[in-house]
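# Analysis of the macromolecular model
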Amino acid sequence: MPTAITITPAAISKIEAVRSKSGHPDACLRVAIAGRRGGQFVYELDLVAPADVPAGDIVVETAELRILIEPGSATNLEGAVIDLDPSAMGGALRIDNPNEGWHDPVAARIQEVLDRQINPSVASHGGFVDLLEVRGGAAYVQLGGGCQGCAQVDVTLRQGIEVAIKAAVPQITEVIDVTDHAAGTNPYFQPAKKAS
């Protein structure tokens with residue numbers, strides 16, 4: 001059964017302009033969910049030549065455009081609307097998706113702690129913390145910005161993030177950081193002042 005996804009005329013117009021400019025007027029729009037950032041999905045939108053359509057993709061035909069849905073993303077794209085975001089310079093596509101947000105009340109409560117307590121604090125250092133999932137009493141988080149690769153990340157995680165989450169959400173027994181801190185390129189650093 002095809003996924004019910006809608007595309008607005010403004011989005012179709014934008015896609016047609018890009019297809020024409022790229023010299024591929026028959027390209028299909030491929031939509032996939034690449035992950036989460038907080039309670040929101042991170043989407044991958046690509047134009048794909050008809051000859052390069054991945055096997056197994058779900059095809060949604062419209063009068064103007066063929067939309068390809070990555071099979072693992074189909075359930076979470078049910079009822080989504082692809083539209084043009086007029087606030088983005090040059091116009092960009094956005095997806096309004098009724099499936100976003102956390103449906104698990106424990107995850108929703110953790111997200112609230114991150115949004116109200118943790119992220120405002122780490123934002124002063126250019127950082128952020130994303131909840132990826134909750135599984136078996138563990139909250140899996142990923143740190144980014146100034147928190148990725150920061151020398152104080154263990155202190156921030158154990159004495160800040162973990163304490164706040166466990167205090168607000170007693171079902172959580174551990175917070176697991178899945179960040180690749182070695183890949184951090186812009187950690188917050190303030191050199192110590194030399195004594196005169």
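Please refer to the structure higher up on the page.
Residues numbered from 1 in each chain as written. Predicted model: local features only at pLDDT ≥ 70, side-chain atom pairs only at ≥ 80, totals over all residues. Heavy atoms only, no water.

Under the defined criterion, the tally for this structure stands at one aromatic pair. With a centroid separation of 6.2 Å and an interplanar angle of 70 degrees, the aromatic rings of Phe41 and Tyr43 are classed as edge-to-face. For Phe41, a relative accessible area of 8% translates into the label buried. Residue Tyr43 is classed as partly exposed on the basis of its relative accessible area of 22%. (Phe/Tyr/Trp six-rings, centres within 6.5 Å; stacked < 30°, edge-to-face > 60°. Buried < 20%, exposed > 50% of the residue type's maximum accessible area, 1.4 Å probe, protein only.)

As a further point, take helix H3 (residues 105-123). Here H3 is 19 residues long and its end C-alpha atoms lie 25 Å apart, about the 27 Å a rise of 1.5 Å per residue gives. By the largest-angle criterion, Leu114 marks the main kink of H3, which is about 40 degrees. For H3, the set of buried residues is Val106, Ala107, Ile110, Gln111, Val113, Leu114, Ile118, Asn119 and Val122. Buried-residue contacts for H3 involve strand E8 (127-135), strand E9 (138-145) and helix H4 (153-168). By the N-cap criterion, in which a side-chain oxygen at the helix start approaches the backbone nitrogen of a residue two or three places on, H3 is capped by Asp104, the distance to Val106 being 3.2 Å. (Helix = DSSP H or I, 4+ residues; strand = E, 2+ residues; numbered from the N terminus. Expected span 1.5 Å × (residues − 1). Bend = angle between axes of the 7 residues up to and from the residue. Contact = heavy atoms within 4.5 Å. Polar contact = N/O pair within 3.5 Å; in protein donor to acceptor, adjacent residues only side chain to side chain.)

Let's shift gears to the nonpolar core. Soluble globular proteins: nonpolar side chains tend toward being buried together. If you look at the biggest cluster of nonpolar residues, it comprises 22 residues, and the most contacted ones within it are Ile110, Val129, Leu131, Ile161, Ile165, Ile172 and Val175. Every element with two or more residues in this core is listed here: H3, E8, E9 and H4. Broken down by element, this core gets its largest block of residues, seven residues, from H3. Once residues within four sequence positions are removed from consideration, Val175 is found in contact with Ala139, Val141, Leu157, Arg158, Ile161, Glu162 and Ile165. With 18 residues, the next largest nonpolar core counts Ala11, Ile15, Ile33 and Leu77 among its residues. (Core = buried A, V, L, I, M, F, W, Y, C linked by side-chain atoms within 4.5 Å.)

Turning our attention to the packing of H3 against H4. The N-to-C vectors of H3 and H4 enclose an angle of 145 degrees; their axes lie 9 Å apart at closest approach. When the axes of H3 and H4 are compared, the crossing they make is right-handed. Residues Arg109, Ile110, Val113, Leu114, Gln117, Ile118 and Val122 of H3 form the contact with H4, whose participating residues are Thr156, Gly160, Ile161, Ala164, Ile165 and Ala168. Of the residues contributing to the contact of H3 with H4, the split by class is nine nonpolar, three polar and one charged. (Axes fitted to C-alpha atoms, helices over the stretch in contact; angles between N-to-C directions. Left-handed = near helix turned anticlockwise from the far one by under 90°. Nonpolar A, V, L, I, M, F, W, Y, C, P; charged D, E, K, R; others polar.)

A sheet is described by the order of its strands in space; here three strands give the open sequence E1-E6-E7, paired in mixed fashion. The open sheet terminates on both sides in strands that have one partner only, identified here as strand E1 (6-7) and strand E7 (92-96). Across five bridges, strand E6 (residues 81-85) lies against E7 in antiparallel orientation. When the sheet's bridge partners are listed, Asp83 is paired in E7 with Arg94. Running at roughly 70 degrees to E6, helix H1 (residues 9-22) makes contact with E1, E6 and E7 of the sheet. (Pairing = 2+ DSSP bridges.)

Turning our attention to the pattern of salt bridges. Tallied over the entire structure, the rule returns nine salt bridges. For the salt bridge of Asp57 with Arg30, the shortest nitrogen-to-oxygen distance reads 2.6 Å. One end of the pair, Asp57, is in the loop between strand E3 (40-48) and strand E4 (58-61); the other, Arg30, is in strand E2 (residues 28-37), and 27 residues separate them in sequence. As far as burial versus exposure is concerned, Asp57 and Arg30 are alike and both buried. Residue Arg94 pairs with Asp83 through a salt bridge whose shortest N-O separation is 3.6 Å. Here the residue Arg94 occupies a position in strand E7, and Asp83 occupies one in strand E6, the gap between them amounting to eleven residues. Look at Arg94 and you get partly exposed, because its relative accessible area is 30%. Since its relative accessible area comes to 18%, Asp83 is described here as buried. (Salt bridge = Lys/Arg side-chain N within 4 Å of Asp/Glu carboxyl O.)

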